[in-house]
Amino acid sequence: MNIMLMPVPITHRVTIQSHAPLRSHRPLRLCGCLGAFPNAGASVHLPRTWSARSRATALGVLAIVLWSTSSAAAVSLVEQLGPWTSLTLVSGIAGIALALVEGVRHRQASAFLRIGWRFGLTCGACFVAYQFCYYWAFSQARDRNMAMQLNLINYLWPSLMVLVAQGRRAQPFMLGLALVIGFIGIAAAISPDLTLPKFIHEVAIAPLPFLAMFGAAVAWVMFSLLVPKLQQSHAPSGTAAFFLVTAVVAGCIRLFVDEPTHWEASVLPALFYTALIPSASAYLLWERSMHDGDASLLGSLGNALPLLSTLISGALLGLVPTIGLLIGACLVVTAAILARKAAR
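Rules and cut-offs
- Residues numbered from 1 in each chain as written.
- Predicted model: local features only at pLDDT ≥ 70, side-chain atom pairs only at ≥ 80, totals over all residues.
- Heavy atoms only, no water.
- Helix = DSSP H or I, 4+ residues; strand = E, 2+ residues; numbered from the N terminus.
- Areas by Shrake-Rupley, 256 points an atom, 1.4 Å probe, with all protein chains shown as cover.
- Contact = heavy atoms within 4.5 Å.
- Polar contact = N/O pair within 3.5 Å; in protein donor to acceptor, adjacent residues only side chain to side chain.
- Core = buried A, V, L, I, M, F, W, Y, C linked by side-chain atoms within 4.5 Å.
- Buried < 20%, exposed > 50% of the residue type's maximum accessible area, 1.4 Å probe, protein only.
- Axes fitted to C-alpha atoms, helices over the stretch in contact; angles between N-to-C directions.
- Parallel < 35°, antiparallel > 145°, perpendicular 65-115°, else oblique.
- Left-handed = near helix turned anticlockwise from the far one by under 90°.
- pLDDT = per-residue confidence, 0-100.
- Phe/Tyr/Trp six-rings, centres within 6.5 Å; stacked < 30°, edge-to-face > 60°.
- Salt bridge = Lys/Arg side-chain N within 4 Å of Asp/Glu carboxyl O.

Draft legend 1. Representation of the overall build of the protein chain. Scanning the protein chain for helices and strands turns up 15 helices and zero strands. Counting only carbon and sulfur atoms, one obtains 68% of the accessible surface of the protein chain, whose full area is about 15,000 Å².

The following block contains the structure:
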């Protein structure tokens, strides 16, 4: 369930070996493709040994696996609690957990609030918009198969991010090819026979969920590009504050929306899993891996998220992904790889 295209200012002198890449321009471009929340201005801490670097990289791989379960967890919760109740509770629990971590790190309970008003308002608005579009789109899905199609649309954002951030500087042919392949992948997932009339018919039946999920991808693009520009040096990542704001706003909406909820024994484990694992722990693991791990390797592995998420979501939701959905996921993966190459 963020591209760092700006070079990170180095605040400490370090001696760089050829085998220990710094979080410079290119590694940042790769690590941003997963939506991590690293401190853009943090000091660089190079691992002392290869074993430490390997452990940090393993944490990043674990974060990727955890993120790939987020869509299935969100769909399951939305089916039982509705989008606004689910978003309120998930964001509230995740925000409190991350705020406690920030408090321990900085030895101050309110440390998570020291993020700067420009960064907080601008990036916070994008973060909240992403969460709203993401959960609401799932709530409008006709069935779980459509939910998996919507999830695939969310992974168009790496290609869109290169388009917005690089623009004329990117390789035009490679970027255009990435965008075309990405949208063909979505079309294949929705209409496996790739006939335009059937694709239009499927989307026309319920266009709002598709538009909402595409809006989520755009919101994530804007959030990811604004974070390295607005985040203050040595400030908290802002994730805790953003989750808490999302919980408050979603909770206020829930007060005015008649939303059916079905509390069962399985709801609480799913709720705490969604809040604490893919919504909180994965971001902490990713931030750590970006400091000390192999950012290039993790960026490459991150390109497999659309396919990995499709396979894991299908298993968790009790679905066998259709051939069209698998082909679409592979094409979206290809689009992400091409977009990375276009940005070089």
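Don't stop here, the text continues.
Draft legend 2. Inspection of the environment of Gln 149 at higher detail. Structurally, the position occupied by Gln 149 is in helix H6 (residues 144-154). It is 8.9 Å that separates the C-alpha atoms of Gln 149 and Thr 310, two residues lying 161 residues apart in sequence. Not counting residues within four places of it along the chain, the set of residues in contact with Gln 149 comprises Ala 189, Ile 190, Phe 210 and Leu 325. Side-chain polar atoms of Gln 149 contact the backbone oxygen of Ala 189, separated by 3.2 Å.

Draft legend 3. Examining the environment of Ala 72 more closely. Here Ala 72 shows up in helix H3 (residues 70-81). Separated by 76 residues in sequence, Ala 72 and Met 148 place their C-alpha atoms 8.4 Å apart. If sequence neighbours within four positions are ignored, Ala 72 has contacts with Ser 313, Leu 316 and Leu 317.

Draft legend 4. Quick look at the nonpolar core. Of all hydrophobic cores here, the largest spans 90 residues; its most connected members are Phe 138, Leu 150, Met 213 and Phe 223. Among all residues touching Phe 138, those that are not within four sequence positions of it are Ser 71, Ala 74, Val 75, Val 78, Ala 147, Leu 150, Asn 151 and Met 213.

Draft legend 5. Up close: the packing of helix H5 (residues 117-139) against helix H10 (residues 207-230). Packing of H5 against H10 leaves a shortest axis separation of 8 Å and a crossing angle of 155 degrees. Compared by their axis directions, H5 and H10 come out roughly antiparallel. Our pair here, H5 against H10, has a crossing hand that is left-handed.

Draft legend 6. Examining the confidence of the model for the protein chain more closely. Across the protein chain, the average pLDDT comes to 79, with 79% of residues at 70 or higher. Averaged pLDDT values for the elements of the protein chain fall to 38 in helix H1 (residues 25-31) and rise to 93 in H3. Scored below 50 in pLDDT, residues 1-49 makes 126 contacts in the model with residues more than four places away or belonging to other chains.

Draft legend 7. Structural context of the packing of aromatic side chains. Inspection of the entire model under this criterion finds 16 aromatic pairs. With a centroid separation of 5.5 Å and 50 degrees between ring planes, the pair formed by Phe 119 and Phe 242 is classed as tilted. Of this pair, Phe 119 sits in helix H5 while Phe 242 sits in helix H11 (residues 239-255), placing them 123 residues apart in sequence. Comparing Phe 119 with Phe 242, the two get one shared label, buried. Aromatic pair Tyr 134 and Tyr 135: ring centres 5.9 Å apart, planes at 70 degrees, arrangement edge-to-face.

Draft legend 8. Representation of the pattern of salt bridges in the model. Counting across every chain of the model gives two salt bridges. A salt bridge links Arg 144 to Glu 79, with the shortest nitrogen-to-oxygen separation between them at 2.7 Å. Here Arg 144 is found in helix H6, whereas its partner Glu 79 is found in helix H3, with 65 residues between them in sequence. Residue Glu 79 is classed as partly exposed on the basis of its relative accessible area of 41%. Among the salt bridges present, the one from Glu 259 reaches Arg 254, with a minimum N-O distance of 3.4 Å. Judged by relative accessible area, Glu 259 falls into the buried class, the value being 7%.

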